[in-house]
Amino acid sequence: MAFFTRVIRAMEKISPISLAEHSWDNVGKLIEPPYPRHFPSRVLLTIDLTPLVLEEALADKQIGVIIAYHPPIFRPIKRLNLDNAKQAIVLKCVAQGIGVFSPHTASDSCVGGVNDWLAKGLGAGTIKPIAPAQNPPEGHEEAGTGRMFTLDQPAPLSTIIERVKQHLKLRYATTNKHSSGELISTIGICAGSGSSVLLPATADLYFTGEMSHHDILAALDKNTSVILCEHSNTERGYLSEVLKPKLEQLLKEGKEEKIDVVVSKVDKDPLETV
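As the structure is a prediction and not an experimental result, all values here were calculated from the model.

## Focus: the pattern of salt bridges
What the rule picks out here adds up to 11 salt bridges. As a salt-bridge pair, Glu-162 and Lys-165 come within 3.4 Å of each other at their nearest N and O atoms. With a gap of 3 residues between them, Glu-162 and Lys-165 both fall in helix H6 (residues 157-165), about one helical turn apart. On the basis of relative accessibility, which here comes to 42%, the residue Glu-162 falls in the partly exposed class. As a salt-bridge pair, Lys-177 and Glu-182 come within 3.8 Å of each other at their nearest N and O atoms. The class of Lys-177 is partly exposed, set by a relative accessible area of 24%. Put simply, Arg-42, Asp-60, Lys-258 and Asp-260 are held in one network by salt bridges that share partners.

If you want it as structure tokens, here you go:
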């Protein structure tokens, strides 16, 4: 079986593409080189496939597939030129025989995905999708868009903030009632940019990567506090803590040859904290 095909089949078990937001997202097999690299044995995981991440991949001749959480091809491309950074990435991947696969919102919605990973740092509680998936595949019956997390023991906002800080850097906006000590019971979770998923939902607290100024004000008007951790910082830890071990396990099942899954060392959130 071709290396790229093996990786795609394993990813389909972890985060079935049927769970993605196909109305706007661009997921799945994005670049399939006609002449793959010879005898690849390594998969590279990254949130963003930037020119710097691509150079990291090109320098390692064992890398045959890049799994880029954010789709490097999102809008239609009318031409392919090297003077455009995104088009150059496509051309170089094809020329160097590297396949590219993007799970994006499938990884958000699946069971054990990015949103479930975010919830692990909040304490003991129950979790369910904000919008359950319709006809989810086997093994992902509890999949869906976003997560609503209900704490077993309600806690003050300050306690939730300290728990989140154990995993991620954050900013927050608090309502008067939570500043005065009223406890948090329910938390709406959405990795990345969460306004469209969270604002229609009722919760004591929204936990996401980024929201616009006016969406934050809209949340506060609903008596909902907000924790923000920057867009890709709510996603990046999932690669090393969850996706890497799962993918390695699936790729070695029934196979003698060793396949390594590595996380990019140069991929990072574009915003720096000072």
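So, next bit.
## Description of the pairing of strand E2 (residues 42-46)
Judged by how many residues are buried, E2 sits mostly within the fold: 5 of 5 residues are covered. Alternating positions in E2 separate into two faces, Arg-42, Leu-44 and Thr-46 on one and Val-43 and Leu-45 on the other, with burial throughout. Viewed along the sheet, the connection from E2 through helix H2 (residues 51-58) into strand E3 (residues 63-68) turns out right-handed. Note that E2 and strand E11 (residues 260-263) share 4 bridges and pair parallel. Of the residues in E11, the one forming a bridge with Arg-42 is Asp-260.

## Brief notes about the UniProt feature "binding site: a divalent metal cation" (unreviewed entry) in the protein
According to UniProt, the positions carrying the feature "binding site: a divalent metal cation" (unreviewed entry) are His-70, Asp-108, His-231 and Glu-235. Across 166 residues of sequence, these annotated residues stay compact in space, with a maximum C-alpha separation of 13.0 Å. In this structure, Asp-108 is in contact with Tyr-69, Val-114, Asn-115, Gly-144, Arg-147 and Ala-191, ignoring residues within four places of it in sequence. In this structure, Glu-235 sits in helix H10 (residues 233-252). Each residue touching Glu-235, except ones within four places of it in the same chain, is listed here: Ile-47, Tyr-69, His-70, Val-114, Trp-117, Ala-191 and Gly-192.

## Some remarks on the side chain of Ser-41
Within the fold, Ser-41 resides in the loop between strand E1 (28-31) and E2. Residue Ser-41 is classed as buried on the basis of its relative accessible area, which comes to 18%. With near-sequence residues (within four places) excluded, Ser-41 lies in contact with Phe-3, Gln-62, Lys-258, Ile-259 and Asp-260.

## Some points on the sheet that holds E11
Across the sheet, 5 strands lie side by side as E1-E4-E3-E2-E11; this open sheet has mixed pairing. Each edge of the open sheet is held by one strand with a lone partner, namely E1 and E11. On average, each strand axis in the sheet is tilted by 25° relative to the strand beside it, whichever way the strands run. Relative to E3, E2 runs parallel, the two sharing 5 bridges. Looking across to E3, one finds that Arg-42 is bridged to Ile-63. Lying over the sheet, H2 contacts E2 and E3, oriented at roughly 165° with respect to E2.

## Description of the domain arrangement of the protein
Annotation of the protein at the domain level lists domain 1 (1-107 + 236-261) and domain 2 (110-230). Computed over C-alpha atoms only, the centres of domain 1 and domain 2 are separated by 29 Å. With 15 residues of domain 1 in contact, the opposing surface of domain 2 contributes 12 residues. Counting the surface lost from both domain 1 and domain 2, the interface buries some 980 Å², and carbon and sulfur atoms represent 59% of this. Considering only the side of domain 1, the residues that lose the most area to domain 2 are Leu-19, Ser-107 and Tyr-238, jointly responsible for 41% of the buried surface there. Across the domain 1-domain 2 interface, the total number found is 0 salt bridges. Taken together, the links from domain 1 to domain 2 amount to 5 residue pairs in polar contact (both at pLDDT 80 or more). Taken together, the elements giving at least two residues each to the side of domain 1 that touches domain 2 come down to helix H1 (3-14), helix H4 (105-109) and H10.

## Here's the deal with the nonpolar core
The nonpolar side chains of a soluble globular protein tend to be buried with one another. Among the nonpolar cores identified, the biggest contains 46 residues, and Val-43, Ile-160, Ile-187, Phe-207 and Leu-247 are the most heavily contacted of them. Inspection of this core shows a minimum of three residues originating in each of domain 1 (1-107 + 236-261) and domain 2 (110-230). The contacts of Phe-207, once residues within four sequence positions are left out, are Leu-118, Leu-122, Val-164, Leu-168, Ile-187, Gly-188, Ile-189, Cys-190, Leu-198, Ile-227 and Cys-229. Formed by 17 residues, the second largest nonpolar core is a distinct cluster that contains Leu-30, Ile-66, Cys-93 and Ile-98.

So, how was this worked out
- Residues numbered from 1 in each chain as written.
- Predicted model: local features only at pLDDT ≥ 70, side-chain atom pairs only at ≥ 80, totals over all residues.
- Heavy atoms only, no water.
- Salt bridge = Lys/Arg side-chain N within 4 Å of Asp/Glu carboxyl O.
- Helix = DSSP H or I, 4+ residues; strand = E, 2+ residues; numbered from the N terminus.
- Buried < 20%, exposed > 50% of the residue type's maximum accessible area, 1.4 Å probe, protein only.
- Right-handed = clockwise from strand over helix to strand, strands pointing away.
- Pairing = 2+ DSSP bridges.
- UniProt positions renumbered as here; feature names shortened; annotations may be inferred.
- Contact = heavy atoms within 4.5 Å.
- Axes fitted to C-alpha atoms, helices over the stretch in contact; angles between N-to-C directions.
- Domains from an automatic or database assignment.
- Buried area = accessible area lost by both parts, 1.4 Å probe.
- Polar contact = N/O pair within 3.5 Å; in protein donor to acceptor, adjacent residues only side chain to side chain.
- Core = buried A, V, L, I, M, F, W, Y, C linked by side-chain atoms within 4.5 Å.

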